[in-house]
Amino acid sequence: MIPYGRHHIDEDDVAAVVEVLRKGPLTQGRHVEEFESAVAEYVGARYAVAVASGTAGLHLAALAAGVGQGDRLITSPITFVASSNAALYVGAAPDFVDVDASTINMSAEALRAVRSHERVKAIIPVHFAGLPCDMVEIKRIADSWGAAVIEDAAHALGARYADGSRVGSCAHSLMTIFSFHPVKAIAAGEGGMITTNDKATYRRLLRLRSHGINKLDDPLQWPEQAGRNGEQYPWYYEMQELGYHFRITDIQCALARSQLRKLDSFLARRRQLVAQYDHAIETVVHCRPAQSGGRELSGHHLYVLRIDFAASGVSRAKLMTELRSREIGTQVHYIPVPAQPLYRRMGFRPEDYVQANAYYDQALSIPLFYDLTDDQQHRVIAALREILS
Ligand SMILES: *Cc1c(COP(=O)(O)O)cnc(C)c1O
């Protein structure tokens, strides 16, 4: 079976994990910090905080941006549910603006047209399939509203903005989050990262990741119980606010650090496969790439097609089933979040997001991953060609 996405593990990765298992510590050791430094350096951010998952990263980012009860948080309807759930975790109201039809990223125009920006505390643009959003415009709008920008870059490790800097450098945001789920650019098993250039935000993230207990040289809130007669208690710690246990282990970070060394070769192969798909798809009827423009900057997490199923006379369910019988896995990224029952019960209607809805009717992600061979790719294209014609 050819899946739509898959991680690549080699002997270096195995050795990195085994070394942690042999030598320890298994958690809260140097591998976490080493991986954080490596990611910060790779993306060009001052600080990085590794967490248990991308979802935990979004949750902590919303907290650290000061989003809470009564606030609003705006994201894209075409994303994984975690982007908007971050609002719900902190007691805020999620909201959506439509996507741009040619990029499937949050439309800056739709964002600007939001009727009231009262209490919009954060905006979470999602670099869909790895293609960077129009961050200059989004940041400009956010600034004019006094809202923080948190980039959901779960798809976009290694991607670049138009100016050549890397996604995660936070040149246009307060924070950026990444995911290291095995289907993403590099694998940790489960894991996530938040990058920022803001020192206060960094310190708050460190506390929130671990129960809200003081970190680094956080000033004590209750110094009178930290010692007596000029003697400091060496055991003393303070829980200064409600935090979480969102830490990641050294086992995971050793694996992810090893994976990061291969990221550029992963990206190069993905780019090559994408160019080959683009070329071949031109001659497949009713089919086109879902995203156009600026794709040389993309992290190429997914290869998404838009297929005119109505014109082809083949339903998407039928196409997926036919492909599956040929051992080709496909997926739909994503069902618009406003269509999810929880969000419908909150009053959202997917039909309010016209471009997102039109995209959803036609979307299909076909296999794209480092180990996909040219032969396998030819099989995918040949099968599409056959079924759709
Ligand atoms: C994968 C993903 C997440 C969540 O990451 P996890 O590490 O699985 O928690 C968030 N947003 C988007 C867009 C994702 O694809």
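Let me begin by describing the structure that accompanies this report. Values in this document were obtained by computation on a predicted structure and should not be read as measured data. (Residues numbered from 1 in each chain as written. Predicted model: local features only at pLDDT ≥ 70, side-chain atom pairs only at ≥ 80, totals over all residues. Heavy atoms only, no water.)

The next point concerns the site of the ligand. Thr55, Asp152, His155, Ser179 and Lys184 are the nearest of the 16 residues found near the ligand. Between Ser179 and the ligand, the recorded distance is 2.7 Å, taken from a side-chain N or O atom to an oxygen atom. Between the ligand and Lys184, the relevant distance is 3.0 Å, taken from an oxygen atom to a side-chain nitrogen or oxygen of the residue. Of the pockets mapped on this structure, the ligand occupies the largest pocket. At the level of secondary structure, the elements contributing two or more residues to the shell around the ligand comprise α3 (54–64) and α4 (82–89). Counting residues per element, the shell around the ligand draws most heavily on α3, at 3 residues. Taken together, the residues that form the shell around the ligand break down as 6 nonpolar, 8 polar and 2 charged. (Near = heavy atom within 4 Å. Polar contact = N/O pair within 3.5 Å; in protein donor to acceptor, adjacent residues only side chain to side chain. 1 Å grid on protein atoms, 1.4 Å probe; cavity = no way out; pocket = protein on both sides within 12 Å on 5 of 7 lines; lining within 4 Å. Sits in = over half its atoms within 2 Å of the grid points. Helix = DSSP H or I, 4+ residues; strand = E, 2+ residues; numbered from the N terminus. Nonpolar A, V, L, I, M, F, W, Y, C, P; charged D, E, K, R; others polar.)

Attention now moves to the side chain of Glu151. Mapped onto the secondary structure, Glu151 falls in strand β5 (residues 148–152). Lacking a salt bridge, the buried Glu151 has Lys139 as its closest oppositely charged neighbour, with an N-O distance of 9.5 Å. Here the side chain of Glu151 touches Ser173 through a polar contact of 2.5 Å, side chain to side chain. (Buried < 20%, exposed > 50% of the residue type's maximum accessible area, 1.4 Å probe, protein only. Lys, Arg positive; Asp, Glu negative; His and termini not counted. Salt bridge = Lys/Arg side-chain N within 4 Å of Asp/Glu carboxyl O.)

Attention now moves to the side chain of Ser107. Structurally, the position occupied by Ser107 is in the loop between β3 (93–96) and α5 (108–112). Of the residues examined, Ser107 reaches a relative accessible area of 11% and is grouped as buried. Setting aside anything within four residues of it in sequence, one finds Ser107 in contact with Val97, Asp98, Val99 and Asp100. (Contact = heavy atoms within 4.5 Å.)

Before going further, it helps to examine the layout of surface pockets. The space that makes up the largest pocket amounts to roughly 400 Å³. Lining the largest pocket are 28 residues, and of these Phe80, His155, Ser179, Lys184 and Tyr334 sit closest to its centre. If you list the elements that add at least two residues to the lining of the largest pocket, you get α3, α4 and β6 (175–179). Looking at the lining of the largest pocket, the element that brings in the most residues is α3, giving 3 residues. Looking at the second largest pocket, its volume works out to about 320 Å³. Its residues assigned to classes, the lining of the second largest pocket comprises 5 nonpolar, 3 polar and 5 charged. (Points joined across faces, edges and corners; volume = space filled by probe spheres on them.)

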